[in-house]
Amino acid sequence: MSRFRPASVVVLLSAVASALLLSGSAPGTRDDDFYLMRKNFEIFGAAYAELVTTYHQRVDPERFMRTGLDAMLSTLDPWTDFFDEADNVEMDLRGRRLLADVGLALSRRDGRVTVIQPEFETTAYRQGIRTGDVVLRVAGQPVDSLSIPDVLQLLRGEPATVVVVDIERAGEGTMTFSLRREAPEQKSVPFAGRLPEDPAVVVLRLAVFGQGAAGELAKAWQELSASGPVTGVILDLRGNPGGLVSEAVEVAGLFLPKGTPVVSTRGRSSGMTRVFRSEANPVIPSVPTVVLMDRASASASEIVAGALQDFDRAVIIGEPSFGKGLVQSVHELPYNTSLKVTMSAYYTPSGRGIFRRSSGQEAVPAGSEFRTAAGRVVREGFGIEPDLAASAYGSAPAEAGARPGPGPLEAALERDAAFFLFAGVLATDGGLREAWSRAQRPLLPDDVLPRFRTWLQERKFSFRTPFEESLESLASDGLGPESRTALERLRRAAASERDLAFDREADRLRVRLSEEVSARLLGPEERVRAGLTGDPFVTSAIEILRDPARHQRLLAPR
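For the structure given in this document, a descriptive report is provided here. (Residues numbered from 1 in each chain as written. Predicted model: local features only at pLDDT ≥ 70, side-chain atom pairs only at ≥ 80, totals over all residues. Heavy atoms only, no water.)

**Notes on the overall build of the chain**
What counts here: A run of DSSP states H or I qualifies as a helix once it reaches four residues; a run of E qualifies as a strand once it reaches two. Both are numbered from the N-terminal end. Here, residues are in contact when the closest pair of their heavy atoms is within 4.5 Å. For the accessible areas, the method is Shrake-Rupley and the probe is 1.4 Å, while residue cover comes only from the protein chains on display.
Helix and strand content of the chain: 19 helices and 19 strands. In the chain, 67% of the contacts between residues at least 6 apart in sequence involve partners at least 24 apart. Of the roughly 28600 Å² of accessible surface on the chain, a fraction of 53% belongs to carbon and sulfur atoms.

Shown next as structure tokens:
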């Protein structure tokens, strides 16, 4: 660890002062800020030097300074961050690392390295590797004793090179694949189509705002609208982490009139203040629209949803969005350190910020309410809030964020990889494979849950509910005879409740098995379609689009 260097304080002061002098603040404000910054930095530097050099025990100079920096940054937004030398070296290595691979997502299941999913349109997918295949060797090296990161490292290499992979498939034995390493490409629009629940409603799933995302979406819409009548559009932005702001503006422009303001940025300097407008005529100008969002919808997703909400163009269903909405840049500091600084924030057309205030910041002040074009009230400080909050576990409207987790049985089965492993058993059923292929959707046998239960019993699967865990902690305490008798009665009651869990969670267990079997028997697009069929968010959207009067009421002032 390096020793304290007084000169570094001066260098850092100079760097910060230069940054302030280059800012676009008004002269009076700039001079006042510079004076206060210099005064307090001198106090800070003097106190730091005294503590490091005179405290009765040795103080680690770098750790001590990092603690101070972290404390200062904690008063700002969560995304302004300091990177020390080690952080920067790691980021540099990550940037230089070869990205060519074969497109396999792996995990350890039942102690073996197993394919969770071959990524769509990668060499592994095209050559026929399937979910559930067990990897035996990579480039001739057995992988049973290797960690998953080590196996993935063996699969990666120079673009256009080939790696030999030996796999074992249930019911088919051992197979060898020569897989070409390729740089993965993420498809912006993994699904665009109609669903069995209402073929007149078009679903457009946007996974990321990559280069050309708006063009992909426009093309998909044009093909679908030419294939038959369309009474409603569902734009699915759930889980979309964002991407290019220019694509977000273009996507919003597919629904809004040319020249409409979509998003603006505001910062301290005049150069950071801009308004972004749609530049083309809309291709979906008037069809009733619903946007689906969840807590993982961020950045560019929030820009699109915020603009469509502010102009009352779409009903937003789901959960409050992630709430970042910030423009950041990385500034180099002395000794190979750097600072990622928020330079400006994104604002929707009504003027509200997209960012979510952290729990440590002050409560949202008065004046944080804004109005849409029709006069509806929308708030700042909570990301993009839905017009209708919907739970992922039921189509009925719910409070935002009211998303119950899995039951105790489902959670225990997930930890045991039971859904994944039993889906592999089901997938070997040739009749089931043929039925799914014909229907292009999940068709689980009627007796799937009794078979699943029998399979679990054969594997000697067992679990304890949280209540039983609590009873066990009581049993460890010294109890008298009467207490032990009462405890035994409680244990019997808890065991009886546990036995009912299979029936109580039956619907969720079928959903989980359907998802896992879909990963094995359906292609990527069919798998997305199957996942959307019966999806409670989508069900809520279809119900609203079937009722134009309700759609209009949700967009009217309240």
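Text resumes after the structure shown.
**Overview of the packing of helix H11 (residues 418–427) against helix H13 (residues 448–458)**
The relative placement of two packed helices comes down to the angle between their axes together with the axis-to-axis distance. Stated precisely, the cut-off is as follows: Only C-alpha atoms enter the line fits that serve as axes; for helices the fit covers just the stretch in contact. Angles between N-to-C directions range over 0 to 180 degrees. What sets the label is the angle itself: under 35 degrees gives roughly parallel, over 145 gives roughly antiparallel, 65 to 115 gives roughly perpendicular, and the rest give oblique. In this scheme the handedness of a crossing depends on how the near helix is turned from the far one: anticlockwise by less than a right angle means left-handed, clockwise means right-handed.
Here H11 crosses H13 at 115 degrees, and the two axes come no closer than 11 Å. Judged on the interaxial angle alone, H13 and H11 are roughly perpendicular. As for how H11 packs across H13, the hand of that crossing is right-handed. Listed contacts from H13 to Ala 418, Phe 419, Leu 421, Phe 422, Val 425 and Leu 426 of H11 are Val 448, Arg 451, Phe 452, Trp 455 and Leu 456.

**Topic: the sheet that holds strand E8 (residues 191–195)**
Here is the rule we go by: Being paired, for any two strands, means DSSP has found at least two bridges between them.
Taken in spatial order, the 6 strands of this open sheet run E8-E9-E10-E13-E14-E19, and their pairing is mixed. Two strands close off the open sheet at either side, each with one partner strand: E8 and strand E19 (388–389). The pairing of E8 with strand E9 (residues 198–205) spans 5 bridges and is antiparallel. Paired with Arg 194 across the strands is Val 202, a residue of E9. Across the face of the sheet, helix H9 (residues 300–310) comes into contact with strand E10 (232–236), strand E13 (289–293) and strand E14 (315–318) while running at roughly 145 degrees to E13. Of the strands in this sheet, E8, E9, E10, E13, E14 and E19 touch helix H18 (residues 536–545), which is tilted by about 160 degrees from E13.

**Some remarks on empty space enclosed by the protein**
Heads up, the rule is: For cavity detection a 1 Å grid was placed over the protein atoms alone, and a set of points counts as a cavity when a 1.4 Å probe fits there but cannot get out; an open set counts as a pocket when protein lies on both sides within 12 Å along at least five of seven lines, with lining residues being those that have an atom within 4 Å of a point. Grid points are joined across faces, edges and corners, and a volume is the space filled by probe spheres set on the points. Residues are grouped as follows: Ala, Val, Leu, Ile, Met, Phe, Trp, Tyr, Cys and Pro are nonpolar; Asp, Glu, Lys and Arg are charged; every other residue, Gly included, is polar.
For the coordinates displayed, the defined rule picks out 1 cavity of 30 Å³ or more. Reported here for the largest cavity is a volume of approximately 30 Å³. If you go around the largest cavity, the residues you meet are Arg 109, Glu 414, Ala 417, Phe 419, Phe 420 and Glu 516. Grouping the constituent residues of the lining of the largest cavity by class yields 3 nonpolar, no polar and 3 charged.

**Focus: the side chain of Asp 101**
Keep this limit in mind: Throughout this description, buried means an accessible area under 20% of the type-specific maximum (1.4 Å probe, protein chains only), exposed means over 50%, and partly exposed covers the range between. Only four residue types enter the tally: Lys and Arg on the positive side, Asp and Glu on the negative side, with His and both chain ends excluded. The salt bridge criterion pairs a side-chain nitrogen of Lys or Arg with a carboxyl oxygen of Asp or Glu, the two atoms within 4 Å. N or O atoms within 3.5 Å of each other form a polar contact, as long as, within protein, one can give a hydrogen and the other can take it, and as long as residues adjacent in sequence are counted only when both atoms are side-chain atoms.
With respect to the secondary-structure elements, Asp 101 resides in the loop between helix H4 (85–96) and strand E2 (104–109). Within the buried set, Asp 101 has no salt-bridge partner at all; the shortest N-O distance to an opposite charge, 4.4 Å, is to Arg 156. In this structure the side chain of Asp 101 is engaged in a polar contact, spanning 3.2 Å, whose partner is the backbone nitrogen of Gly 103.

**Let's talk about the nonpolar core**
This is how it is decided: In these notes, a set of buried Ala, Val, Leu, Ile, Met, Phe, Trp, Tyr and Cys residues joined through side-chain atoms within 4.5 Å is what counts as a nonpolar core.
With 41 residues, the main nonpolar core has Leu 204 and Val 291 as its most contacted residues. Elements that contribute at least two residues to this core include exactly E9, helix H7 (213–226), E10, helix H8 (245–253), strand E11 (261–267), E13 and H9. Tallying contributions element by element places H7 first for this core, with 7 residues. In this structure, Val 291 is in contact with Leu 235, Leu 237, Ala 305, Leu 308, Ala 314, Val 315, Ile 316 and Ile 317, ignoring residues within four places of it in sequence.

**Regarding the packing of aromatic side chains**
Quick reminder of the rule: Planes of paired rings set the category: under 30 degrees apart is stacked, over 60 is edge-to-face and the rest tilted, where pairs are Phe, Tyr or Trp rings (Trp by its six-membered ring) whose centres lie within 6.5 Å. Charge over a ring is defined by NZ of Lys or CZ of Arg lying within 6 Å of the ring centre and within 35 degrees of the ring normal.
Inspection of the entire model under this criterion finds 9 aromatic pairs. Here Phe 422 and Trp 455 contribute two aromatic rings whose centre-to-centre distance is 5.3 Å and whose plane-to-plane angle is 50 degrees, an arrangement assigned as tilted. Placement of the pair is Phe 422 in helix H11 and Trp 455 in helix H13, with a sequence separation of 33 residues. With respect to class, Phe 422 is no different from Trp 455; both count as buried. Counting every residue linked through ring pairs, the aromatic cluster contains Phe 419, Phe 422, Phe 452, Trp 455 and Phe 502. Cation over ring: Arg 266 sits above Tyr 347, and NZ or CZ is 3.8 Å from the ring centre. If you follow Arg 379 out to its NZ or CZ, it ends over the ring of Phe 382, 3.9 Å from the centre.

**Regarding H13**
Our working rule: To obtain the arc, one takes the directions from the helix axis to the C-beta atoms.
Of all the residues in H13, the buried ones are Val 448, Leu 449, Phe 452, Trp 455 and Leu 456. Viewed end-on, H13 has its buried residues packed into an arc of 120 degrees, placing them on one side of the element. Exposed and facing more than 90 degrees away from the buried side of H13 are Gln 457 and Glu 458. A positive phi of about 60 degrees marks Lys 460, the residue just after H13.

**Observations regarding the pairing of strand E3 (residues 112–118)**
As judged from the 6 bridges shared by E2 and E3, these two strands associate in the antiparallel manner. The residue of E3 that forms the bridge with Leu 106 is Val 115. Hairpin geometry of E2 and E3 is characterised by an intervening segment of 2 residues between the two adjacent antiparallel strands and by a positive phi of about 55 degrees at Asp 110.

**Some details on the environment of Phe 311**
The residue Phe 311 is located in the loop between H9 and E14 in this model. Linking Phe 311 and Leu 256, residues 55 residues apart in sequence, is a C-alpha distance of 8.3 Å. Look past the residues within four positions of Phe 311 in its chain and what remains in contact with it is Leu 256, Thr 260, Pro 261, Pro 349 and Ala 373.

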